[in-house]
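Below are the chains, spelled out letter by letter.
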Amino acid sequence: MTPGPAPRICRAEPGAPSRPGVMGSGISDMGEATAPPRKRLFIRSWGCQMNVYDSGRMADVLAPLGYGPAAAPDAADMVILNTCHIREKASEKLFSELGRLRAVKREREATGGRMVLAVAGCVAQAEGAEITARAPWVDIVLGPQTYHRLPEMVARASRAAGAVVETDFPAESKFDHLPEAGAAAQGVSAFLTVQEGCDKFCSFCVVPYTRGAEYSRPAAAVLAEARRLVAQGAREIALLGQNVNAYHGDAPGGGTWGLGRLLRELAEIPGLARLRYTTSHPRDVDDALVEAHRDLPQLMPFLHLPVQSGSDRVLGAMNRGHTAADFLRVVERLRAARPDLALSSDFIVGHPGERAADFDATLALVREVGFAQAYSFKYSPRPGTPAASAPHAVPEADKDARLQALQALLRDQQEQFNRSLVGRTIPVLLTGAGRHHGQVAGRSPWLNPVHLSAPGALIGQVVPVAVLAAHTNSLSGTLAAGAAMADSSQRREEPAPA
Ligand code: SAH
Ligand code: SF4
Ligand code: F3S
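We now turn to the structure provided with this report. The shown structure was predicted, so the numbers you read here are calculated from the model rather than taken from an experiment.

## Some points on the packing of helix H2 (residues 88–110) against helix H3 (residues 121–134)
In helix packing, the relevant descriptors are the interaxial angle and the interaxial distance, both defined with respect to the helix axes. Remark: H2 packs on H3, axes separated minimally by 12 Å, with the N-to-C direction vectors making an angle of 35°. For the element pair H2 and H3, the recorded crossing hand is right-handed. Each of Ser91, Leu94, Phe95 and Leu98 in H2 lies in contact with H3, whose residues at this interface are Val123, Glu127, Glu130, Ile131 and Arg134. For the contact of H2 with H3, the class distribution of residues is 5 nonpolar, 1 polar and 3 charged.

Structure, rendered in structure tokens:
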């Protein structure tokens, strides 16, 4: 996914701006945190939205120790780099940032000060030993399942000579041991992790190794966290998971709930206007989920459903567990249930063994589905994954050419989708101040960032916006006459755009 001008929730691109205040800047406003902070914390997040969520939770766990937000790493007493391992470039960014911070840390120590430097996230999990060897100035290395142990690690780091490393998959769940989410208030649009890890082992992917086995949080914990987020002002919640629709959490009355049932219960929370979920897998779209799309006006008509390739040969080699026709059937079921549903996806070009004809099948699938948005990547070999040692690597030049052709097609489709909204009045959730005075920023049901002039007092409401212009990554419009509108009020009138 390429960085857009505003937060998008369906992406896993290193360095993409996602939630202002956590990713790429200091931790967010710590709200009603008790005593004034005595120490400054800066968290930089790369990778997927789950890392953004985790960064917020690390801020929560450190708040009782007196850590408040720092504006920049250079002004911080503690810096956490929350890393992504999904593609090679994602891990390289870590080592270049560590090089820069080494100088800052040295300078601090030369004047008698101290800076605690921690590396968290998926690179920490996969390459803990390499990090301590290549960057011995790092104090703490912690994997994604050990964030609840952070206070203890900080204490140990102040005593230890070398780095403190915690990359186990502990028997206890971090979710049971982290403080309640929310000291770092998330604002109008909030993330909520409901599921972690992955058991699918696609040939190319590190996630099963970095995040561990699939785990679903109990439904009661999810509902309680959602209610807290709404009480703090969230109007939209995006449920997160590496395979969020594989969710099967313990139900309050015994048994388990799937994602469809969980969404139904969340939709009952008063004040919660919009629900989304990401990232989903085509294999786990069951009838209950399709019915949730049919029945819940709060569930937004936009779905990120990665397909990776349109060739059955490549899908087989990738161990995706479905064919191109299976994917098309899933799309058909979803669109039958929710005709205004727009789709987004992820694609990989140049997986080992991919031939020109396979790539053509991918283009054909894209033409057949028509995506409102999509992310495409060149295959990047990841150490320890089956594809990394597979024969028939695709030459770099072929990967480049395929990526360019695919991205041109996807860009056309995205522009066409955005243009189809011009002239319509759509419900927009106003999420915050805009770039210019008097402007506010919001989001369409299909996740387009929308810019318009409106009173700041409307932030947090869903308002009708007449779309005046479409740009590649955003829309601009004007407040339409009438009071705040519910998303549901438009639902039946709006045919699928594009
Ligand atoms: N769980 C999601 C994807 C999570 S990773 C799913 O199953 O679809 C996010 C995206 O990164 C993937 O969809 C894939 O397109 C891309 N990706 C993962 N590993 C990659 C690799 N080794 N090289 C290139 N892209 C990769
Ligand atoms: Fe990775 Fe495949 Fe699991 Fe998605 S389903 S996280 S691509 S192994
Ligand atoms: Fe990256 Fe880990 Fe997310 S590898 S995409 S941060 S699960």
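Structure shown, so let's carry the discussion forward.
## A closer look at the site of ligand 3
In the vicinity of ligand 3, 10 residues are found, and the nearest of them are Cys48, Cys84, His85, Cys122 and Gln242. Its residues placed into classes, the shell around ligand 3 shows 5 nonpolar, 4 polar and 1 charged.

## Focus on the site of ligand 2
Every residue lining ligand 2 is accounted for by Cys198, Lys200, Phe201, Cys202, Phe204, Cys205, Val207, Pro208, Asn243, His281 and Arg320. Residues that form the shell around ligand 2 fall into these classes: 7 nonpolar, 2 polar and 2 charged.

## Details of unusual backbone geometry
That bond from Thr278 to Thr279 is cis: its omega, 0°, falls within 30 degrees of zero. Its place among the elements puts Thr279 in the loop between strand S13 (274–278) and helix H9 (287–295). For Gln308, which is not glycine, the phi dihedral falls at a positive 75°. Note that Gln308 resides in the loop between strand S14 (302–304) and helix H10 (312–317). When its relative accessible area of 7% is taken as the criterion, Gln308 is described as buried. Positive phi values are uncommon outside glycine, yet Asn319 reaches one of about 60°. Checked against the element boundaries, Asn319 lands in the loop between H10 and helix H11 (324–337). Here Asn319 falls in the partly exposed class, since its relative accessible area comes to 38%.

## Description of the packing of aromatic side chains
According to the stated counting rule, one finds 3 aromatic pairs in the structure shown. With a centroid separation of 5.5 Å and an interplanar angle of 75°, the aromatic rings of Phe201 and Tyr209 are classed as edge-to-face. Look at Phe347 and Phe371: their rings are 5.6 Å apart centre to centre, the planes differ by 85°, and that puts the pair in the edge-to-face class. Within this pair, whereas Phe347 is found in strand S15 (residues 342–349), its partner Phe371 is found in the loop between helix H12 (356–369) and strand S16 (373–378), the two being separated by 24 residues in sequence. Under the relative-accessibility criterion, Phe371 is labelled buried at 2%.

## Re the sheet that holds strand S20 (residues 462–470)
Strand order in the closed barrel formed by 5 strands is S17-S18-S19-S21-S20, with mixed pairing between adjacent strands. Neighbour-to-neighbour, the strand axes of the sheet open up by a mean angle of 50°, direction not taken into account. Inspection of the sheet shows strand S17 (residues 425–433) paired to strand S18 (residues 439–443) by 4 bridges, in the antiparallel sense. Bridging from a neighbouring strand, Leu429 pairs with Arg443 of S18.

## Comments concerning the side chain of Lys200
The residue Lys200 is located in the loop between strand S8 (195–196) and helix H6 (207–210) in this model. Overall, Lys200 belongs to the buried group, its relative accessible area being 10%. Here Asp284 takes part through its side chain, which lies 2.6 Å from a polar atom of the side chain of Lys200. Filtering out sequence-adjacent residues up to four positions away, Lys200 remains in contact with Glu214, Asn243, Ala246, His281, Arg283, Asp284 and Asn319.

## With respect to the environment of Val165
Turning to its location among the elements, Val165 is positioned in strand S6 (residues 164–166). On the accessibility criterion, Val165 (39% relative accessible area) is partly exposed. With 23 residues separating them along the chain, Val165 and Leu142 place their C-alpha atoms 5.9 Å apart. Ignoring any residue separated from it by four or fewer positions in sequence, one finds Val165 in contact with Thr132 and Val141.

## Observations regarding the packing of helix H1 (residues 49–62) against helix H4 (residues 150–159)
In the contact formed by H1 and H4, the axes pass within 9 Å of each other and the chain directions differ by 65°. Comparing their axes, H4 and H1 come out roughly perpendicular. Judged by residue contacts, Met58, Val61 and Leu62 of H1 engage Leu150, Pro151 and Val154 from H4. Residue composition of the contact of H1 with H4, grouped by class: 6 nonpolar, no polar and no charged.

## Remarks on the pattern of salt bridges
If you walk through the whole model with that rule in mind, you get 29 salt bridges. Linking Glu214 and Lys200 is a salt bridge whose minimum nitrogen-to-oxygen distance equals 3.9 Å. You can see Glu214 sitting in the loop between H6 and strand S9 (215–216) and its partner Lys200 sitting in the loop between S8 and H6, a full 14 residues away along the chain. Its salt-bridge partner being Glu396, residue Lys378 comes within 3.1 Å of it at the nearest N-O pair. Remark: Glu396 occurs in helix H13 (residues 396–419) and Lys378 occurs in strand S16; sequence separation between them is 18 residues. The class of Glu396 is partly exposed, set by a relative accessible area of 44%. Several salt bridges converge on common partners, so that one network encompasses Arg44, Asp74, Glu97 and Arg100.

## What about the pairing of strand S19 (residues 449–453)?
The element S19 is extensively covered by neighbouring structure, given that 4 of its 5 residues are classed as buried. Across 5 bridges, the pairing between S18 and S19 is antiparallel. Residue pairing across strands places Gly442 opposite Val450, the latter belonging to S19. Taken together, S18 and the strand that follows it, S19, pair antiparallel across an intervening segment of 5 residues, in which Leu447 is found at a positive phi of about 75°.

Each value, and the rule that gives it
- Residues numbered from 1 in each chain as written.
- Chains lettered and ligands numbered in written order.
- Predicted model: local features only at pLDDT ≥ 70, side-chain atom pairs only at ≥ 80, totals over all residues.
- Heavy atoms only, no water.
- Axes fitted to C-alpha atoms, helices over the stretch in contact; angles between N-to-C directions.
- Helix = DSSP H or I, 4+ residues; strand = E, 2+ residues; numbered from the N terminus.
- Left-handed = near helix turned anticlockwise from the far one by under 90°.
- Contact = heavy atoms within 4.5 Å.
- Nonpolar A, V, L, I, M, F, W, Y, C, P; charged D, E, K, R; others polar.
- Near = heavy atom within 4 Å.
- Buried < 20%, exposed > 50% of the residue type's maximum accessible area, 1.4 Å probe, protein only.
- Phe/Tyr/Trp six-rings, centres within 6.5 Å; stacked < 30°, edge-to-face > 60°.
- Pairing = 2+ DSSP bridges.
- Polar contact = N/O pair within 3.5 Å; in protein donor to acceptor, adjacent residues only side chain to side chain.
- Parallel < 35°, antiparallel > 145°, perpendicular 65-115°, else oblique.
- Salt bridge = Lys/Arg side-chain N within 4 Å of Asp/Glu carboxyl O.

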